[in-house]
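Per-entry structural report
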Amino acid sequence: GVIGMARKVFYSFCYGDDINRCMVVRNRWVTYGNQIQSGIIDKAEFEKIKRTGDQAVYRWINKQLEGTSVTVVLLGTNTLSRKFVQYEICESIKRGNAIVGIHINNIRDMLTGQVSARCNIHSAIGEYNDGTPAYFDSFCDEIHDYVNENGYSNLNSWVENAARRKGK
């Protein structure tokens, strides 16, 4: 991309389980400033959209995905089994976005101080036209662990590497 152009990145995660862990990652993005984050609102705001129905959520997701070239999936214990996350990933694949999976289960929850169980990345996120399952790990361009691989310093290069490999 053009130097100085901010890359627009969509972040996919499970609000119910992982919003506190996601905010730890999000607060780090704020200090870097060369990415525009999309798809992150607080839980109350997300619940408000959800109350108006699934179609409203899907419309919101589609709008958030506009102009993005990379989708970062923040992987908590149950992330890949959530229908909205599955939709976000499938739509990202259709758009040709690079997909980066980042395990966040080792980030301590701000409120409870707990870590959580690791996500199984060989989870079906949908199915092909013939009905066979489509597994997350077969679409993912990169998979990292935020804590063990120092995501604080490396998130940016993970995103850029995946984007370059996809020609984005």
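One can find the structure itself at the top, above this paragraph.
The paragraphs below set out a description of the structure included in this document.

About the cut-offs
- Residues numbered from 1 in each chain as written.
- Predicted model: local features only at pLDDT ≥ 70, side-chain atom pairs only at ≥ 80, totals over all residues.
- Heavy atoms only, no water.
- Helix = DSSP H or I, 4+ residues; strand = E, 2+ residues; numbered from the N terminus.
- Polar contact = N/O pair within 3.5 Å; in protein donor to acceptor, adjacent residues only side chain to side chain.
- Contact = heavy atoms within 4.5 Å.
- Buried < 20%, exposed > 50% of the residue type's maximum accessible area, 1.4 Å probe, protein only.
- Phe/Tyr/Trp six-rings, centres within 6.5 Å; stacked < 30°, edge-to-face > 60°.
- Disulfide = S-S within 2.5 Å.
- Core = buried A, V, L, I, M, F, W, Y, C linked by side-chain atoms within 4.5 Å.
- Pairing = 2+ DSSP bridges.

Section: the side chain of glutamate 142
Inspection of the secondary structure assignment puts glutamate 142 in strand β7 (residues 142-145). In this structure the side chain of glutamate 142 is engaged in a polar contact, spanning 3.3 Å, whose partner is the side chain of arginine 165. Apart from residues lying up to four places away in sequence, glutamate 142 is in contact with Ile99, Val100, Gly101, Trp158, Asn161, Ala162 and Arg165.

Some details on the environment of alanine 44
Assignment of secondary structure puts alanine 44 in helix α2 (residues 43-51). Exposure remark for alanine 44: the relative accessible area of 57% places this residue in the exposed category. Residues alanine 44 and tyrosine 15, spaced 29 residues apart in sequence, show a C-alpha to C-alpha distance of 9.7 Å.

Observations concerning the packing of aromatic side chains
If you walk through the whole model with that rule in mind, you get 5 aromatic pairs. Considering the side-chain rings of phenylalanine 46 and tryptophan 60, the 6.1 Å spacing of their centres and the 65° angle between planes classify their relative orientation as edge-to-face. Of this pair, phenylalanine 46 sits in helix α2 while tryptophan 60 sits in helix α3 (residues 54-65), and the two are 14 residues apart along the sequence. Comparing phenylalanine 46 with tryptophan 60, the two get one shared label, buried. Both rings, one in phenylalanine 46 and one in phenylalanine 84, keep their centres 6.2 Å apart while their planes meet at 85°; by these two values the pair is edge-to-face. Highlighted residues: phenylalanine 46 in helix α2 and phenylalanine 84 in helix α4 (residues 83-94), separated in sequence by 38 residues. Of the two residues, phenylalanine 46 and phenylalanine 84, both sit in the buried class. By way of ring pairs, the aromatic residues Phe46, Tyr58, Trp60, Phe84 and Tyr87 are connected into one cluster.

Remarks on the state of the cysteines
Taken as a whole and judged by the stated rule, the model has 0 disulfides. Here cysteine 14 stays unpaired: no disulfide links it, and the sulfur of cysteine 22, its closest cysteine neighbor, is 8.3 Å away. Owing to a relative accessible area of 2%, cysteine 22 belongs among the buried residues under this scheme.

Observations concerning the side chain of threonine 68
The topology assignment puts threonine 68 in the loop between α3 and β3 (70-75). What makes threonine 68 buried here is its relative accessible area of 10%. For threonine 68, the side chain forms a polar contact with the main-chain oxygen of leucine 65, separated by 2.7 Å. Engagement of the side chain of threonine 68 in a polar contact is seen with the side chain of asparagine 97, the distance being 3.0 Å. In contact with threonine 68, other than residues within four places in its own chain, are Lys8, Val9, Phe10, Ser38 and Asn97.

A word on the nonpolar core
In terms of nonpolar packing, the biggest core is built from 34 residues, with Ile61, Val70, Val72, Leu74, Ile102 and Ile104 touching the most fellow members. Every element with two or more residues in this core is listed here: β1 (7-12), α1 (15-30), α2, α3, β3, β4 (98-103) and α6 (151-165). Excluding its chain neighbours within four sequence positions, the residues that come into contact with valine 72 are Val9, Phe10, Tyr11, Ser12, Val100, Ile102 and Val159.

Examining the pairing of β4
As a general feature of sheets, a regular strand has side chains that alternate between the two faces. The element β4 is largely enclosed, with a buried count of 6 among its 6 residues. The two faces of β4 match: Ala98, Val100 and Ile102 on one face and Ile99, Gly101 and His103 on the other face are all buried. Strand direction decides the pairing type here: β3 and β4, joined by 6 bridges, are parallel. Among the inter-strand pairings, leucine 75 is bridged to a residue of β4, identified as histidine 103.

A word on unusual backbone geometry
Positioned with a positive phi, asparagine 150 is a non-glycine residue whose angle comes to about 50°. Mapping asparagine 150 onto the fold places it in the loop between β7 and α6. Asparagine 150 sits in the partly exposed class, given a relative accessible area of 38%.

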